[in-house]
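Coordinates in review
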Amino acid sequence: MALQSVEVDTQMKFPILHPRSLVRRKTMKDDAMAGLVLGVESVPDGLASGLLAGVNPVAGLYSYMFGLAGAALFTSTAFMAVQGTGAMAIIVADVDLASREDPTRALFTLSIVTGVAMIIAGLLRLGSLLRFVSNSVMTGFITAVGLNIVLGQLDDFTGYDADGGGRITRALDLLLNFWKVDLPTVTVGAITIALIVTLQRTKLGALGLVVAVFAGSGVAALFGLFDRDVDLVRDIVDVPRSLPLITLPVFRDIPALIIPAMSLAFVGLIQGAGVSAGFPNEDGSDQDQSQDFVGQGAGNIAAGLFQGMPVGGSMSASSLVASAGAKTRAAAFFAAGVMAVMILLLSSVIELVAMPSLAGLLIVVGIGTIRPSQIMSVVKTGTVPLTVMSITLVLTMVIPLQFAVLVGVGISIILFVLRQSTRLVTRQLVFHSDGRVEETDPPDSVPPNEVIVLQPYGALFFATASTLLEQVPSVTPESRNSVVILRIRGADDAGATLIEVVTDYAASLRDADSKLMIVTGNRNVIRQLRVTGAADVIGADNIIRSTSFLGESSRRAHDQALAWVDEHRQSTFTASTPEQNEDGRATPQPDGAEAERDER
């Protein structure tokens, strides 16, 4: 019921349920101008994204247009621009879509399955799980993505069709045959890169990217006048002069696309989370990361239905629309409209874009993805983060990216468990007669006739069970007539491993004529102690339920333990006192060893 109420509350905030809020008259001019900037920039960027993914570049155009509009109907972050991203395009390139019966429709199906995965993640409110992905893993992954983007564009940038089954081997082949590159192609690509870097620092800003791509294409046209042809978009695909019709997914391809869709969803959600955090709403309205997940999913479904590739929250596009003066999410609708007009009226111009110009654009994007400052930060952090980053980087470079993403998630989980298991610290609490509680290091072993209160700090679960056992005082033959009180406050679920450790420790204390007491306020832990039989070893009376008053239960357990120690000390003393004969003389003891044991 709680989950359903959360979902209903989330759904009520969706902008699509309030159509009048989507476009506002007083902000329409600003949103239209920002949409114009984003729409014009998205045309070459969309073509480049499709090129990077190894699919029809037009699929990149459609995904940008419909992903923008579809997501804007649902996201809570007004400036979130949902478009293709470099990381997601690389994953698509590594998916063997060519092996499917209909590769083109398999691409659209992949977009829809990715969207469904994102929507499920949003409705289940799984945004909090992203914090478990370590910075080391993400730095290695993003760095490798940047390198893959650059290496993947070398063929179009140089005009040399390199041999090899992977990006690295193809780059090595190019290096060994560098004299075979096509000079006009390299010239067009180099001029485009130079113009992008230069013009983006001028008043043109992001529009400098568009100017650079078309200027590079103009240089390619000049080479064509001298019979030195440079590949153009029209040499690869015909840009249609109409908008796409709805295309249904290929349902039989869905099982084979689940893993890449999960990887795409994961990457898209992480990048989208960065957008959510970086772009607060102008009107101060709340942002919901899980709702933004749903919005990205809606954008993917819209892109897939209208023949587009997978999309996600784009930091660069969101930054562009915000800096261009957008006031509301209506800028995304204007941008999609601008793209539609350009496809309908300027498709013949789009076909003249030079392929090395698009490759140059992607190389700039790839280099910009690599963050040397983040890499150095991980290097300086320590050996373990550096090792994790390096492993993630290498794996992302040598195996298909959809599997590298899952491996990175696995490494993050393992790293999290290792960190939590090493952060457990057990301290002894000493109760003084004046009411103060002193925190000290616990003794190495349990002394006789003592009460020891232990407080573990950190998460208690299966991975920290052995660490807890190493930190509690050991039980020796001298550990008689003592009580160890263990306060369990960091475990929602004890687990079989932790219960086994606690049970064995209680048994060893019992064998030494001592005992273990547990103080915990968690009903689930108490239930598990009972159903597993651990309570029989510990003793039902020795499991004390915590109250809402801090320290009250621990003091009560401490008082009970002191009384138990005094009682058993007295009984031990009485039992060890020599019996007297009728004449008052002590009865001889069987041997000295037994007398010494009884005295202890």
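Residues numbered from 1 in each chain as written. Predicted model: local features only at pLDDT ≥ 70, side-chain atom pairs only at ≥ 80, totals over all residues. Heavy atoms only, no water.

Side note on the environment of P456
Here P456 shows up in strand β5 (residues 451-457). Residues P456 and L486 lie 30 residues apart in sequence; the distance between their C-alpha atoms is 8.1 Å. Look past the residues within four positions of P456 in its chain and what remains in contact with it is L424, V425, T426, L468, L486 and R487. (Helix = DSSP H or I, 4+ residues; strand = E, 2+ residues; numbered from the N terminus. Contact = heavy atoms within 4.5 Å.)

Remarks on the side chain of T247
For T247, the location among the structural elements is in the loop between α10 (207-225) and α11 (254-278). When near neighbours in sequence (up to four residues on either side) are disregarded, T247 contacts R105, F108, G304, L305 and Q307.

Considerations on the packing of aromatic side chains
Per the stated rule, a full pass over the model turns up two aromatic pairs. With a centroid separation of 4.4 Å and 5° between ring planes, the pair formed by F66 and F306 is classed as stacked. Here the residue F66 occupies a position in helix α3 (residues 57-72), and F306 occupies one in the loop between α12 (289-305) and β2 (312-314), the gap between them amounting to 240 residues. Given the relative accessible area of 22%, F306 is considered partly exposed. (Phe/Tyr/Trp six-rings, centres within 6.5 Å; stacked < 30°, edge-to-face > 60°. Buried < 20%, exposed > 50% of the residue type's maximum accessible area, 1.4 Å probe, protein only.)

Quick word on a nonpolar patch on the surface
A cluster of nonpolar side chains, F214, L243, V341, L344, L345, L346 and V349, forms an exposed patch at the surface whose accessible area comes to about 570 Å². Residue contributions to the nonpolar patch peak at three residues, all from helix α14 (residues 330-345). Residue position: V341 is located in helix α14. Residue classification places V341 among the partly exposed positions, given a relative accessible area of 46%. (Patch = residues over 30% accessible without salt bridge, like charges linked within 9 Å, V, L, I, M, F, W, Y side chains within 5 Å. Areas by Shrake-Rupley, 256 points an atom, 1.4 Å probe, with all protein chains shown as cover. Salt bridge = Lys/Arg side-chain N within 4 Å of Asp/Glu carboxyl O.)

Points about α14
An ideal rise of 1.5 Å per residue puts 22 Å on 16 residues; α14 measures up with 23 Å between its terminal C-alpha atoms. All of the buried residues in α14 are A330, A331, A332, A335, A336, V338, M339, A340, M342 and I343. (Expected span 1.5 Å × (residues − 1).)

Re the packing of helix α6 (residues 135-152) against helix α17 (residues 372-381)
In a packed pair of helices, the relevant descriptors are the angle between the two axes and the axis-to-axis distance. Where α6 contacts α17, the two axes come as close as 10 Å, and the packing angle between them is 140°. In terms of orientation, α6 and α17 fall into the oblique class. Handedness of the α6/α17 crossing: left-handed. Across from N135, S136, T139 and T143 in α6, the residues of α17 making contact are Q374, I375 and V378. For the contact of α6 with α17, the class distribution of residues is two nonpolar, five polar and no charged. (Axes fitted to C-alpha atoms, helices over the stretch in contact; angles between N-to-C directions. Parallel < 35°, antiparallel > 145°, perpendicular 65-115°, else oblique. Left-handed = near helix turned anticlockwise from the far one by under 90°. Nonpolar A, V, L, I, M, F, W, Y, C, P; charged D, E, K, R; others polar.)

Here we look at the sheet that holds β5
Sheet architecture is open: six strands sit in the order β4-β3-β5-β6-β7-β8, paired in mixed fashion. The open sheet has two free edges, formed respectively by β4 (437-440) and β8 (543-545), since each of these has just one partner strand. The average undirected angle you get between the axes of adjacent strands in this sheet is 25°. Summarising the sheet, strand β3 (residues 425-431) and β5 pair through five bridges and their orientation is antiparallel. Counted as the bridge partner of V425 is Y457 from β5. Of the strands in this sheet, β7 (515-520) and β8 are in contact with helix α22 (residues 523-531), which crosses β8 at around 160°. (Pairing = 2+ DSSP bridges.)

Focus: the nonpolar core
Counting residues in hydrophobic clusters, the biggest one holds 64 residues, and the most contacted among them are V55, M65, V92, L97, L107, V233 and L358. When near neighbours in sequence (up to four residues on either side) are disregarded, M65 contacts L243, A336, M339, A340 and I343. (Core = buried A, V, L, I, M, F, W, Y, C linked by side-chain atoms within 4.5 Å.)

Examining a negative patch on the surface
On the surface, a cluster of negative charge is made up of D227, D229, D231 and D235. Its place among the elements puts D231 in the loop between α10 and α11. Given the relative accessible area of 48%, D231 is considered partly exposed. (Lys, Arg positive; Asp, Glu negative; His and termini not counted. Charge placed at Lys NZ, Arg CZ, Asp CG, Glu CD.)

Details of the pattern of salt bridges
If you walk through the whole model with that rule in mind, you get nine salt bridges. Linking D513 and R480 is a salt bridge whose minimum nitrogen-to-oxygen distance equals 2.5 Å. Taken together, the positions of D513 in the loop between α21 (495-511) and β7 and R480 in the loop between α20 (462-471) and β6 (483-488) put the pair 33 residues apart, joining distant regions of the chain. One continuous salt-bridge network, built from bridges that share partners, spans D155, D161 and R170.

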